[in-house]
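Observations on the model geometry
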Amino acid sequence: MSHAANLPLWAALLVALLLVLGSGLTLLGAIGLVRLDSFYKRVHSPTLGTTWGTGGILLGSMLFFSMIEGRPVLHELLIAVFVTVTTPVTLMLLARAALYRDRMEKNPEVPTFTAVAERSSEVVVKGTKNGEPEKS
Amino acid sequence: MSAAILLWAVTISQIFLALAALCCGFRLFRGPRAQDRVLALDALYVCAMLMLLTFGIRTGSTLYFEAALVIALLGFVSTSALAKFLMRGEVIE
């Protein structure tokens with residue numbers, strides 16, 4: 001680490017804090033991936049690593065290289081924007097695929113197609129009767 | 001002084017990220033269903049990307065940044081392709 005010898009102390013402390021924060025949050029997300037007990041709970045935990053985990057390490061890297069090279073180094077923003085945009089897309093695709101597979105296998109943990117359709121049709125019928133509850 | 005602080009922080013950070021990758025690997029091998037394995041693979045890609053960024057800070061070269069960017073791109077493509085495969089049974093229709 002001889003290249004970091006002339007880094008100011010406040011910058012070193014800030015970079016160290018951001019690095020440990022980011023990697024610690026990533027580790028917490030991975031522990032959640034092991035310990036949570038259903039897929040639909042587990043799909044939430046890696047996002048801890050893709051939001052502040054990635055954000056902390058990228059901010060630390062940006063600050064470090066900006067202080068080392070004496071000019072603003074901002075190309076880490078590319079990774080930040082890309083991860084922020086793509087993570088919700090991939091996880092939503094994956095969760096919908098898992099829901100589809102569970103429904104095809106008639107897994108009792110997820111609502112079936114017909115239950116969801118009945119619930120949404122009830123809402124439509126209630127809406128057409130001027131907001132009055134339907135008498136059954 | 002600041003070099004020592006950074007060295008310790010980067011070492012701790014790499015240990016944390018290695019433990020996170022181990023957790024993801026556990027879920028990748030153990031995962032009861034295919035979607036759990038795909039989810040663990042996605043998290044493993046993120047861990048590898050962050051590990052490369054910390055290696056970049058440790059060596060002081062920006063060369064690792066390109067590798068991290070490529071890993072982020074490949075992670076998105078592979079996870080969405082695998083999710084499509086789980087949904088439809090084929091990737092390109």
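In case you missed it, the structure is sitting above this.
Residues numbered from 1 in each chain as written. Chains lettered and ligands numbered in written order. Predicted model: local features only at pLDDT ≥ 70, side-chain atom pairs only at ≥ 80, totals over all residues. Heavy atoms only, no water.

1. A few points about the overall build of chain A
Counting secondary structure elements, chain A contains five helices and zero strands. In chain A, the succession of α and β elements from N to C terminus is α-α-α-α-α. When each of the 136 residues of chain A is scored for burial, the buried share is 38%. Only carbon and sulfur atoms are counted for the fraction: they give 66% of the accessible area of chain A, which is about 8100 Å². (Helix = DSSP H or I, 4+ residues; strand = E, 2+ residues; numbered from the N terminus. Buried < 20%, exposed > 50% of the residue type's maximum accessible area, 1.4 Å probe, protein only. Areas by Shrake-Rupley, 256 points an atom, 1.4 Å probe, with all protein chains shown as cover.)

2. Description of the overall build of chain B
The number of helices and strands found in chain B is three helices and zero strands. Written out in order from the N terminus, the α and β elements of chain B read α-α-α. Taken over C-alpha atoms, the radius of gyration comes to 16 Å for chain B, far larger than the 12 Å a tight globule of 93 residues would show. With respect to the three principal axes, the spread of C-alpha positions in chain B is 55 × 25 × 10 Å. Contacts spanning at least 24 positions in sequence make up 49% of the contacts within chain B whose residues lie at least 6 apart. Accessible surface, chain B as shown: approximately 4600 Å² in total, 75% of it carbon and sulfur. For chain B, the separation between the mean place of its 7 positive charges and that of its 5 negative charges on side chains is 10 Å. (Rg over C-alpha atoms; globule rule 2.2 N^0.38 Å. Contact = heavy atoms within 4.5 Å. Lys, Arg positive; Asp, Glu negative; His and termini not counted. Charge placed at Lys NZ, Arg CZ, Asp CG, Glu CD.)

3. Remarks on the interface of chain A and chain B
Tallying the contact residues gives 56 residues for chain A and 52 residues for chain B. Roughly 4600 Å² is buried in total at the junction of chain A and chain B, and carbon and sulfur atoms are behind 80% of that figure. Where chain A packs against chain B, one counts three salt bridges. Measuring nitrogen to oxygen at the nearest pair gives 2.8 Å for the salt bridge that ties Asp-102 of chain A to Arg-33 of chain B. Here chain A and chain B share eight residue pairs in polar contact (both at pLDDT 80 or more) between them. Considering every element that reaches the side of chain A that touches chain B, the biggest residue donor is helix H4 (residues 76-104) of chain A, with 17 residues. (Buried area = accessible area lost by both parts, 1.4 Å probe. Salt bridge = Lys/Arg side-chain N within 4 Å of Asp/Glu carboxyl O. Polar contact = N/O pair within 3.5 Å; in protein donor to acceptor, adjacent residues only side chain to side chain.)

4. Considering the packing of aromatic side chains
Taken as a whole and judged by the stated rule, the model has four aromatic pairs over all chains. Centre to centre, the rings of Phe-39 of chain A and Tyr-40 of chain A are 5.6 Å apart; their planes meet at 80 degrees, and the pair counts as edge-to-face. Here Phe-55 of chain B and Tyr-64 of chain B contribute two aromatic rings whose centre-to-centre distance is 6.2 Å and whose plane-to-plane angle is 25 degrees, an arrangement assigned as stacked. What makes Tyr-64 of chain B partly exposed here is its relative accessible area of 29%. (Phe/Tyr/Trp six-rings, centres within 6.5 Å; stacked < 30°, edge-to-face > 60°.)

5. What about the nonpolar core?
Counting 26 residues, the largest nonpolar core has Phe-64 and Ile-79 of chain A together with Leu-6, Met-49 and Leu-50 of chain B as the members making the most contacts within it. Contributing elements (two or more residues each) for this core: helix H1 (9-35), helix H3 (47-69) and H4 of chain A together with helix H1 (2-30), helix H2 (34-59) and helix H3 (63-88) of chain B. Counting residues per element, this core draws most heavily on H2 of chain B, which supplies six residues. Once residues within four sequence positions are removed from consideration, Phe-64 of chain A is found in contact with His-3, Ala-4, Leu-7 and Val-15 of chain A together with Leu-6, Ile-57 and Gly-60 of chain B. (Core = buried A, V, L, I, M, F, W, Y, C linked by side-chain atoms within 4.5 Å.)

6. Brief notes about H4 of chain A
Residues and elements named next belong to chain A. When the terminal C-alpha atoms of H4 are compared, their 42 Å separation across 29 residues agrees well with the 42 Å that a helix rising 1.5 Å per residue should span. Thr-86 marks where H4 bends most, by close to 30 degrees; the proline Pro-88 follows one to four residues later. Within the span of H4, buried status applies to Glu-76, Ile-79, Val-83, Thr-86, Thr-87, Thr-90, Leu-91, Leu-94, Ala-97, Ala-98, Asp-102 and Arg-103. Downstream of H4 by one or two residues, Lys-106 has phi in the positive range, about 55 degrees. (Expected span 1.5 Å × (residues − 1). Bend = angle between axes of the 7 residues up to and from the residue.)

7. What to know about the pattern of salt bridges
Considering all chains together, one arrives at five salt bridges over all chains under this definition. Across the salt bridge formed by Arg-71 of chain A and Glu-69 of chain A, the nearest N and O atoms sit 2.7 Å from each other. Accessibility expressed as a relative area gives 47% for Arg-71 of chain A, which makes it partly exposed. Ionic pairing is found between Arg-33 of chain B and Glu-105 of chain A, a salt bridge with its closest N-O pair at 2.9 Å. Here the residue Arg-33 of chain B occupies a position in the loop between H1 and H2, and Glu-105 of chain A occupies one in the loop between H4 and helix H5 (113-128), the pair thus bridging two chains. Classification of Arg-33 of chain B as partly exposed rests on a relative accessible area of 21%. Each of the salt bridges in this network shares a partner with another, and the network as a whole consists of Asp-102 and Glu-105 of chain A together with Arg-33 of chain B.

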